[in-house]
Amino acid sequence: MTAAPDAAIDPFAITTRGLTEPHPGRAAMRAAGPIVRAQAPAGGPVWIITDDVLAREALVHPRIVKDPAFAPADWEPRLAGLEPAAAVQPSLTTFDGPAHTRLRQAHAPLFTARRMSGYAERVAAIARSLLAGVAGETGETGEAGEAVDLTADFTTRFPLTVICDLLGVPLDRVDQAIAACRRMYSGNPEEVGMAMAAFADLAAAALEEGRHGLAVKLRDRVPGEITRSQLHYLLFTLIYAGQLTTDPSLGFLLARFFGEDHAVADGTAVEDLVRDTLREHAPAPFTLWRFTSAEIDLAGLRLPARSPILIDIQGINTDPRRSIGPDLTFGAGPHYCTGAHLAQVQLRVVVDVIRADFPHARLAVPYAELLQADFGGIQGSRLTTLPVRLRG
């Protein structure tokens, strides 16, 4: 067995770069081999898969699991950004095998392509209302007005309003959801604790006040052993993931639409723009943490139990050698993202609403001057600002 080559640069470094600049580590890792070794932010080695075929094998490998109980024994869970172990807190993102299948069967029918497409008109109404409010705040009267930074509030508020509305969280709680999501980025355990308490409160409101929302439907579908507090956690994951992924994707999508791709003319072109944006700017640059549950052989390497593994989604998606086919933006295999259809509907709808209501909207700065920030770890990148003149 040979040793994995070391990554040439730190793939988890915090950086700021131009929107059109490729990440400096992706090509270097890909060139080093199908699997490379790097230093994990929580300490010790992590093995990063850079090859499309190997990635798809790993995503269905029975001994590569998501349960944080198999993380390296010396990892501090909060520093590593780990969820509670599956035995403590059932979750789609920590369960494996039959337990995951049962929980997924409770979620998946609520987020099908058909159901989410049927919700598109409501999503459009939310987008239209929020964008009209943003345009009104600039004092625009039909002539070219002041620029507004859409990443300051809109790209966060829109997906949170959508997921709250869908779940049945009263919409007067959206500001509470925004504050909770922002607290989750804090390194302060007290702030994160306050965020989790707020999410539990939002989940309770959805179950008690949102009688026709998906939160109630999910409650009636989950396995009987799921407790109320565990159900609150499942709803937290839907709210937080709905913001964490769609928020940055929306910034990149609108930047491309307002800038280089403003000539989008029909529904097919919008679908292409959404798909290409998600492929080139994957909301999650890596998969969530996975671990070997026992010693395994992988690509000529022998990895011991508790070895952390990541798949370089961003690098694989943008590999010029990758054959045409499904990308890995939303994963593959049994853990394929449950909310993928909802995310894509939101992105398509926002473009449609802007084309209809703000046909002369333009970037307030040159496209090439836009910057993106990489936050390190397994977090994705996002635009630092998106200044736009909605009235052109």
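Everything discussed here concerns the structure shown above.
We now turn to the structure provided with this report. This one's a predicted model, so the numbers in the text were calculated from it and none came from an experiment.

### Quick notes on the overall build of the chain
So, point 1. Scanning the chain for helices and strands turns up 14 helices and 13 strands.
So, point 2. Relative to the compact-globule value of 21 Å for 392 residues, the chain shows a C-alpha radius of gyration of 21 Å, a close match.
So, point 3. Each principal axis of the C-alpha distribution contributes one length, and for the chain these read about 70 × 50 × 40 Å.
So, point 4. Residues counted as buried form 52% of the 392 residues belonging to the chain.
So, point 5. Considering only residue pairs separated by 6 or more positions, the chain has 73% of its internal contacts joining residues 24 or more positions apart.
So, point 6. Seen as two clouds, the 37 positive and the 45 negative side-chain charges of the chain have centres 5 Å apart.

### With respect to the pattern of salt bridges
Side chains bearing opposite charge may pair, as long as their charged atoms lie close to each other.
So, point 1. As enumerated under the stated definition, the model contains 22 salt bridges in all.
So, point 2. In this structure, Asp312 engages Arg26 in a salt bridge whose closest nitrogen and oxygen atoms are separated by 2.9 Å. One end of the pair, Asp312, is in the loop between strand E9 (308–311) and helix H13 (313–317); the other, Arg26, is in helix H1 (residues 26–32), and 286 residues separate them in sequence.
So, point 3. Classification of Asp312 as buried rests on a relative accessible area of 1%.
So, point 4. By relative accessible area, Arg26 is classed as buried at 6%.
So, point 5. Each of the salt bridges in this network shares a partner with another, and the network as a whole consists of Arg30, Asp319 and Arg321.

### With respect to the sheet that holds strand E5 (residues 148–149)
So, point 1. Ordered in space as E5-E13-E10, the three strands form an open sheet in which the pairing is antiparallel. The sheet is open, and its two borders are formed by E5 and strand E10 (362–363), each paired with just one other strand.
So, point 2. Bridge count between E10 and strand E13 (residues 387–389): two bridges; the pairing is antiparallel. Note on E13: the bridge partner recorded for Arg362 is Arg389.

### Structural notes on the sheet that holds strand E2 (residues 35–39)
So, point 1. One open sheet holds the five strands; their spatial order is E2-E3-E9-E6-E4, and the pairing between them is mixed. Of all strands in the sheet, those bounded by a partner on one side alone are E2 and strand E4 (64–65).
So, point 2. In terms of strand pairing, E4 meets strand E6 (residues 290–292) through two bridges, oriented antiparallel. Counted as the bridge partner of Val65 is Phe291 from E6.

### So, the environment of Gln372
So, point 1. For Gln372, the position within the fold is in strand E11 (residues 371–374).
So, point 2. Owing to a relative accessible area of 2%, Gln372 belongs among the buried residues under this scheme.
So, point 3. In this structure, Gln372 is in contact with Thr15, Thr16, Arg17, Gly18, Leu19, Glu21, Phe252, His281, Ser381, Arg382, Leu383 and Thr384, ignoring residues within four places of it in sequence.
So, point 4. For Gln372, the side chain forms a polar contact with the main-chain oxygen of Gly18, separated by 3.2 Å.

### So, the packing of helix H9 (residues 189–209) against helix H11 (residues 228–258)
The description of two helices packed together rests on the angle between their axes and the distance between the axes.
So, point 1. It is at 8 Å that the axes of H9 and H11 come closest, and there the two elements cross at 100°. With respect to H11, the element H9 is oriented roughly perpendicular. Facing Met196, Phe199, Ala200, Leu202, Ala203, Ala204, Leu207 and Glu208 of H9, the residues of H11 in contact are Arg228, Leu231, His232, Tyr233, Leu235, Phe236, Ile239 and Tyr240.
So, point 2. Along the lines of polarity and charge, the residues of the contact of H9 with H11 split into 13 nonpolar, one polar and two charged.

Parameters at a glance
- Residues numbered from 1 in each chain as written.
- Predicted model: local features only at pLDDT ≥ 70, side-chain atom pairs only at ≥ 80, totals over all residues.
- Heavy atoms only, no water.
- Helix = DSSP H or I, 4+ residues; strand = E, 2+ residues; numbered from the N terminus.
- Rg over C-alpha atoms; globule rule 2.2 N^0.38 Å.
- Buried < 20%, exposed > 50% of the residue type's maximum accessible area, 1.4 Å probe, protein only.
- Contact = heavy atoms within 4.5 Å.
- Lys, Arg positive; Asp, Glu negative; His and termini not counted.
- Charge placed at Lys NZ, Arg CZ, Asp CG, Glu CD.
- Salt bridge = Lys/Arg side-chain N within 4 Å of Asp/Glu carboxyl O.
- Pairing = 2+ DSSP bridges.
- Polar contact = N/O pair within 3.5 Å; in protein donor to acceptor, adjacent residues only side chain to side chain.
- Axes fitted to C-alpha atoms, helices over the stretch in contact; angles between N-to-C directions.
- Parallel < 35°, antiparallel > 145°, perpendicular 65-115°, else oblique.
- Nonpolar A, V, L, I, M, F, W, Y, C, P; charged D, E, K, R; others polar.

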